[in-house]
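Examining the three-dimensional arrangement
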Amino acid sequence: MAAVEFPVAGGHAADGHGDPDANYLQATHGFRSWALTVDHKRIGLMYLTMVSIAFLVGGIFALLVRLELFTRGKTIVDGETYNRFFTLHGAVMVFLFIIPSVPAALGNFFLPIMIGARDVAFPRINLLSFYIYLCGVCILLSSIIMGAVDTGWTFYTPYSLQTSNSVISMTLGVFVLGFSSILTGLNFLVTVHTMRAPGITWTRMPLFVWGMYATSLIQVLATPVLAITLLLLAGERFFGIGIFDPKLGGDPVLFQHFFWFYSHPAVYIMIVPGMAINSELIATFSRRAIFGYFAVAMSSIGLAILGFLVWGHHLFVAGMSEFATMMFSALTFLVAIPSGVKVFNWTATMYKGSIVWASPMLYAMAFIFLFSIGGLTGLFLGTLSVDVHLTDTYFVVAHFHYVMMGGTVIAFLGGLLYWWPKMTGRMHDEKKAKIGFWFVFVGFNTVFIPQFIMGSRGMPRRYYDYLPQFEPFHKASTIGSWILATGLFITAFTLLEALWKGRKAPRNPWGSAGYEWMTDTPPCLANFHSTPVITRGPYDYHLATPEELSTGWDEVEAGAHTKKKD
Amino acid sequence: MTEPNAPATFQLPEQMSTVAGDVDWLYYFIYWLSVVLFVGIIGAMLYFAWKYRERPGHKAEPTGHNLPLEIGWTVAPIFVLVFLFHKGFQGYMDMTVPPANAMEIKVNAKQWGWEFVYPNGGSDNELHVPVHKAVKLVISSTDVLHSFFVPALRVKRDVVPGMYTSQWFEATHVGQDDIVCAEYCGGRSKDSSGNELPFAQMTGHWSMHSMLHVETPEDFTKYLVGIGDPCASYTVKGQTCPASVLVAQGRKIYEKKACIGCHTTDGSRLVGPSWKGIWSKTESTDHGSVTVDEAYVRESILTPQAKIVTGFPPTMPSFSGQISDQEIDEVIAYIKSLKD
């Protein structure tokens, strides 16, 4: 039996936003049709453009930082400029790229499609959140550049109060960005609750949607803390109330509590979507339902909740009480359980599957590889006595890059390659994508494995210059950054090249059972020509019909032949 | 347990404190645990990826359920995690609670240097400690956050302005190691008019480096006597300290208290005015012109923002509470000596 039935013949009434049955890219035309669009797919693409630019900018600063560290002493810039570079790298990557990357770009595009909805619950608010994001980008970048901010992306007081007046405007920028993610989160929550197509029960919801749901919960609950921080900073600055500044009787450690009370949950805003993509990739390319679906879904919710309780592990040597230190260490270890469950379930899913070595699957396996390293090195940092030695060294830098980049960015790239044909209607060149992958994978490890070693040997973070014994490790790391950058450029080229040279993609090029592959490629403006009725889970390969699983490449080939004959 | 005083391994530096052995044991325990888990997971993943690769005639089996397996890998890690938590917390308490008889050394951190004040009142910008003796550091900052980190001791403690933090250790053998700052505290690589300084004069988080010297008790006692204030011995006897001793002592303070970071003695310009020839000069300030005399120097050390010399930023921290009257006299003597 077919999973999709079409109970209502015909389609949607035209409503001035273009023909709902037309390809969303061609339904309407012109600048206004993009700038004022309320179509979640176009908004997703606009976010994708913005976060890609942010990734490029943040990446350039990363390369400059690595280049400066290639030799001891001055290599390209002076110390103050170096401090600004790593601040810009961190702030741009965290706030402008990685937090919005998966939810706002891929989530916006696929969440409604994957639950058989026509759009998100509040399409206009969705557009509003995009423009708020743009405002946030402007505020954050202008305050960092004009204020010559060199505080690191954590803006710790009192240094941030001492060197520039930008800490308030930066927090404002981060808050405005956060407000954008609150709106997106709220939109997703309501959409998931109210707009699932008939037959998509909570236990048939794709794991990507579960991940977006968990992420949205964190966004809605954690971001308001930024507003409180902002209010306190303003109170201190304008009314002289001592809160964070010791000169006024304030407590700088309090700022760290506030900062991490938002920024630690934000870590889960970054990684849970990466895990969500990975569940989709593993299932599709193993041709098999995710092992322990329920456990994987609940582990996302578990991470969202635990994420609120562990912020203090950033403060183990900061002057927190022994009791608080003990509690935060214990809570931090709990995070290992849902993370472990995910990794175990992904691996078990591959058992007795039919593994397709496609480029997105390479990224999915790389995710398991790199995230396992990121997660296991977290054990060192949760263990108090070992953390004392390792914290604030390159070990921490390597650890969070393995989680953030080895996890989220790798999943983001895998997800982009996976969904690119659906989004654009064009298939990329798999060979180039795989070459790009190997550069990224080898480059990434070359950058960060030496950082683990120099960190455990005692190299502190955020150093413009270093002791001679660390030079070989810095050299290797910098060389790795060039390999990684090459891989990323090859991947970007592969994706962009597909737009004008790529083969026309069929409906389901990877042969997935997922719901998003049941609709046109690229989807029509209304996502589906009529409301789909779902009768099986998104990973039920044994229940899906051969037509549903057919890649459609045969027809594409046949079509190409017919055209040639014409 | 690893041997105490073990030399550096590929991953960890040399051990020089009583807690280092336990820390390293736990580090390597987690390391090998991680290696086993990682090889197991990735090995299985690669094996499955190869064995069940897509090929003609091969079909995926529908996913089944295995509740005992799922409960197993959710519950089993808890035992390991509880063990790690317990060992980690135990080790943390060992390095946090000092023995009652520990010798106290005061540590002042500032942008960008360390000052260590010993029980006899003498101070230095490097840390000397006797071997096999518990030492408790009482750490404070005059400006921003810093972090006291000695890799070989396996200890690290943030330095927080407005509060005291403390850290104790007992060195296990005679030797040396680096003291570094592990919490970002900014940097300066341009002079007050915005020109880039030569690399050697750039200072910042990265240059906040000092040395730990672990010495025999005899050497340490000699060291303590040496850093005591030579003028004190004159004062005790009711004599006046000779000018040459005062000047020499003032120069030491100039280096130890990091005045050297902002004020040169050769007339060149850094963040603050050079001390060369500044004595008895008339300077214009934001509160009218002043003559650089004893009163103005004293005021500038204790309340630096009172009168700012025109053309310089108001960035100097107050040394109130960190410098004695005797030391101010010595600094004044040194500035006087730079008159010509």
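Residues numbered from 1 in each chain as written. Chains lettered and ligands numbered in written order. Predicted model: local features only at pLDDT ≥ 70, side-chain atom pairs only at ≥ 80, totals over all residues. Heavy atoms only, no water.

**Considering the sheet that holds strand 7 (residues 155-159) of chain B**
Residues and elements named next belong to chain B. For clarity, the threshold we go by: Any two strands are treated as partners once DSSP identifies two or more bridges connecting them. By the criteria applied, helices consist of DSSP H or I runs no shorter than four residues and strands consist of E runs no shorter than two, each listed in order from the N terminus. Only the stretch in contact is used when fitting a helix axis, every axis being a line fitted to C-alpha atoms; angles between N-to-C directions are given from 0 to 180 degrees. Residues count as neighbours in contact if any of their non-hydrogen atoms are within 4.5 Å of one another.
Within the open sheet, the five strands sit side by side as 4-12-9-6-7. Their pairing is mixed. Lying at the two open borders of the sheet, with one neighbouring strand each, are strand 4 (127-130) and strand 7. Taken over all neighbouring pairs, the strand axes of this sheet differ in orientation by 20° on average, direction set aside. Examined bridge by bridge, strand 9 (residues 175-181) and strand 12 (residues 210-215) share five bridges and lie antiparallel to one another. Paired with Asp-178 across the two strands is Met-211, which belongs to strand 12. Along the sheet, helix 3 (residues 217-227) contacts strand 4 and strand 12; its crossing angle with strand 4, the most-contacted strand, is approximately 135°.

**Some words on the domain arrangement of chain B**
Defined as follows: Here the bounds of each domain stem from an automatic or database domain assignment.
With domains assigned, chain B is organised as domain 1 (20-96), domain 2 (103-227) and domain 3 (237-337). Distance from the C-alpha centre of domain 1 of chain B to the C-alpha centre of domain 3 of chain B: 61 Å.

**Description of the domain arrangement of chain A**
All names here are of chain A. The cut-off we apply is this: Simply put, the buried area is the total loss of 1.4 Å probe accessible area from both parts when two parts are fitted together. Throughout this description, the term salt bridge denotes a Lys or Arg side-chain nitrogen within 4 Å of a carboxyl oxygen of Asp or Glu. Think of a polar contact as two N or O atoms within 3.5 Å of one another; within protein, one of them needs to be a possible hydrogen donor and the other a possible acceptor, and neighboring residues in sequence only count if both atoms come from side chains. Gly is placed with the polar residues, together with every amino acid not listed as nonpolar (Ala, Val, Leu, Ile, Met, Phe, Trp, Tyr, Cys and Pro) or charged (Asp, Glu, Lys and Arg).
According to the domain assignment, chain A consists of domain 1 (42-287), domain 2 (357-503) and domain 3 (506-559). Of note, the centres of domain 2 and domain 3, computed from C-alpha atoms alone, are 32 Å apart. Between domain 2 and domain 3, the residue contacts involve 14 residues of the former and 13 residues of the latter. Overall, the association of domain 2 and domain 3 removes approximately 1000 Å² of surface from exposure, summing both partners, and the carbon and sulfur fraction of that is 68%. Of all residues in domain 2, Tyr-418, Lys-422 and Arg-503 give up the largest surface area on contact with domain 3, accounting jointly for 59% of the area buried on that side. The tally of links from domain 2 across to domain 3 stands at zero salt bridges. Connecting domain 2 to domain 3 are eight residue pairs in polar contact (both at pLDDT 80 or more). In terms of residue count, helix 15 (residues 394-424) provides more of the side of domain 2 that touches domain 3 than any other element does, seven residues in total. Counted by class, the side of domain 2 that touches domain 3 contains eight nonpolar, three polar and three charged residues.

**A short note on the packing of aromatic side chains**
Inclusion rule: To pair, rings of Phe, Tyr and Trp, with the six-membered ring standing in for Trp, must have centres within 6.5 Å; the planes then decide the type, stacked if under 30 degrees apart, edge-to-face if over 60, and tilted in the middle. Buried means the residue's accessible area, taken with a 1.4 Å probe over protein chains only, is under 20% of the maximum for its type, while exposed means over 50%, and partly exposed covers the values in between. For a Lys NZ or an Arg CZ to count as sitting over a ring, it must be within 6 Å of the ring centre and within 35 degrees of the ring normal.
With the rule as written, the count across this model stands at 72 aromatic pairs over all chains. Relative to A:Trp510, the ring of A:Phe285 lies with its centre 5.4 Å away and its plane at 75°, an arrangement referred to as edge-to-face. A residue pair is termed long-range when its members are at least 10 positions apart, and A:Phe285 in helix 9 (residues 252-286) and A:Trp510 in the loop between strand 3 (503-504) and strand 4 (533-534) qualify at 225 residues. The same class applies to A:Phe285 as to A:Trp510, namely buried. For the cation-ring pair, B:Lys156 lies above B:Phe149, with the distance from its terminal atom to the ring centre recorded as 3.9 Å. The cationic tip of B:Arg269 hangs over the ring face of B:Phe312; the distance from NZ or CZ to the ring centre is 4.4 Å.

**Points about the interface of chain A and chain B**
Taken together, the contact pairs 87 residues of chain A with 82 residues of chain B. Taking both partners together, chain A and chain B bury about 7300 Å²; carbon and sulfur atoms supply 69% of that area. Across the contact surface, chain A and chain B share three salt bridges. Residues A:Asp78 and B:Lys190 are paired through a salt bridge, measuring 3.4 Å at the closest nitrogen-oxygen approach. Elements that contribute at least two residues to the side of chain A that touches chain B include exactly helix 3 (79-114), helix 5 (159-163), helix 9, helix 11 (322-334), helix 12 (336-350), helix 13 (359-382), helix 14 (384-390) and helix 16 (430-456) of chain A. Considering every element that reaches the side of chain A that touches chain B, the biggest residue donor is helix 12 of chain A, with nine residues. Grouping the constituent residues of the side of chain A that touches chain B by class yields 46 nonpolar, 28 polar and 13 charged.

**Overview of the confidence of the model for chain B**
Residue and element names in this part refer to chain B. Filter applied, for reference: pLDDT expresses how confident the predictor is about each individual residue, on a scale running from 0 to 100.
Taken residue by residue, chain B gives an average pLDDT of 89. The fraction at 70 or more is 97%. When the elements of chain B are averaged for pLDDT, helix 4 (residues 230-236) gives the smallest value, 68, and strand 6 (residues 146-150) the largest, 96. Across the predicted assembly, pTM comes out at 0.87 and ipTM at 0.90.

**With respect to the side chain of B:Thr264**
All names here are of chain B. Structurally, the position occupied by Thr-264 is in the loop between helix 5 (243-256) and strand 13 (282-285). For Thr-264, a relative accessible area of 10% translates into the label buried. In this structure the side chain of Thr-264 is engaged in a polar contact, spanning 2.9 Å, whose partner is the side chain of Ser-274.

**Some points on unusual backbone geometry**
All names here are of chain A. Here the amide bond leading from Thr-157 into Pro-158 is cis, since omega sits at 0°, within 30 degrees of zero. In this structure, the amide linkage connecting Thr-521 to the following residue, Pro-522, adopts the cis form with an omega of -15°. Looking at where Pro-522 falls in the secondary structure, it is placed in the loop between strand 3 and strand 4.

**Concerning a nonpolar patch on the surface**
Put simply, the rule reads: Every patch collects residues that have over 30% relative accessible area and no salt bridge, joining them within 9 Å if they carry like charges and within 5 Å if they are nonpolar side chains (Val, Leu, Ile, Met, Phe, Trp, Tyr). Per-residue and other accessible areas were derived by the Shrake-Rupley procedure at a 1.4 Å probe size, with only the shown protein chains allowed to occlude residues.
Together, B:Leu67, B:Ile71, B:Val75, B:Ile78, B:Phe79, B:Val80 and B:Val82 line one region of the surface with nonpolar side chains, adding up to about 630 Å² of accessible area. When its relative accessible area of 56% is taken as the criterion, B:Leu67 is described as exposed.

**Focus on the sheet that holds strand 8 (residues 165-170) of chain B**
Residue and element names in this part refer to chain B. The strand order across the open sheet built from five strands is 3-2-1-5-8, with neighbouring strands paired in mixed fashion. Here the strands that pair on one side only, and so sit at the sheet edges, are strand 3 (123-124) and strand 8. Note that strand 1 (residues 103-110) and strand 2 (residues 113-117) share five bridges and pair antiparallel. If you follow Asn-108 over to strand 2, its bridge partner there is Glu-115.

**Re the pattern of salt bridges**
Residues and elements named next belong to chain A. Summed over all chains, the structure comprises 18 salt bridges over all chains. The residue Lys-501 makes a salt bridge to Glu-497 at a minimum N-O spacing of 3.7 Å. With a gap of four residues between them, Lys-501 and Glu-497 both fall in helix 17 (residues 471-501), about one helical turn apart. A relative accessible area of 8% means that Glu-497 is categorised as buried. What you see here is one network of salt bridges that share partners, running through Asp-429, Lys-432, Glu-497 and Lys-501.

**Focus on the nonpolar core**
Threshold: Remark: nonpolar core denotes a set of buried residues (Ala, Val, Leu, Ile, Met, Phe, Trp, Tyr, Cys) joined through side-chain atoms within 4.5 Å.
Counting 259 residues, the largest nonpolar core has A:Phe95, A:Phe208, A:Trp419, B:Trp114 and B:Leu127 as the members making the most contacts within it. Element by element, the count of residues in this core is highest for helix 3 of chain A, at 22 residues. Listed in part, the 21 residues of the second largest apolar core include B:Tyr254, B:Val297, B:Ile301 and B:Ile323.

**Quick word on the confidence of the model for chain A**
Of the residues in chain A, 95% have a pLDDT of 70 or more, and the chain-wide mean is 89. Across residues 1-15 of chain A the pLDDT falls below 50, and counting only partners more than four positions away or on other chains, this stretch makes 36 contacts in the model.

**Considering the environment of B:Val245**
All names here are of chain B. Of note, Val-245 is situated in helix 5. Assessed through its relative accessible area of 18%, Val-245 is described here as buried. For the pair Val-245 and Thr-310, spaced 65 residues apart in the sequence, the C-alpha separation amounts to 33 Å. Apart from residues no more than four positions distant in its own chain, Val-245 is found in contact with Pro-230, Cys-231 and Tyr-234.

**Side note on the pairing of strand 12 of chain B**
Counting buried residues along strand 12 of chain B, six of its six residues qualify, which places the element largely inside the surrounding structure. Burial along strand 12 of chain B is two-sided: the face carrying B:Ser210, B:Leu212 and B:Val214 and the face carrying B:Met211, B:His213 and B:Glu215 are both buried.

**Regarding the packing of helix 3 of chain A against helix 4 (residues 123-146) of chain A**
Packed helices, taken two at a time, are described by the angle their axes make and the gap between the axes. All names here are of chain A. Applicable threshold: Small angles under 35 degrees read as roughly parallel and large ones over 145 as roughly antiparallel, with 65 to 115 read as roughly perpendicular and the rest as oblique.
Where helix 3 contacts helix 4, the axes come no closer than 11 Å and their chain directions differ by 170°. Comparing the axis directions of helix 3 and helix 4 gives the class roughly antiparallel. Two secondary-structure elements touch here, helix 3 through Leu-88, Ala-91, Val-92, Phe-95, Leu-96, Pro-100 and Asn-108 and helix 4 through Asn-126, Tyr-133, Val-137, Leu-140, Leu-141 and Ile-144. Of the residues contributing to the contact of helix 3 with helix 4, the split by class is eleven nonpolar, two polar and no charged.

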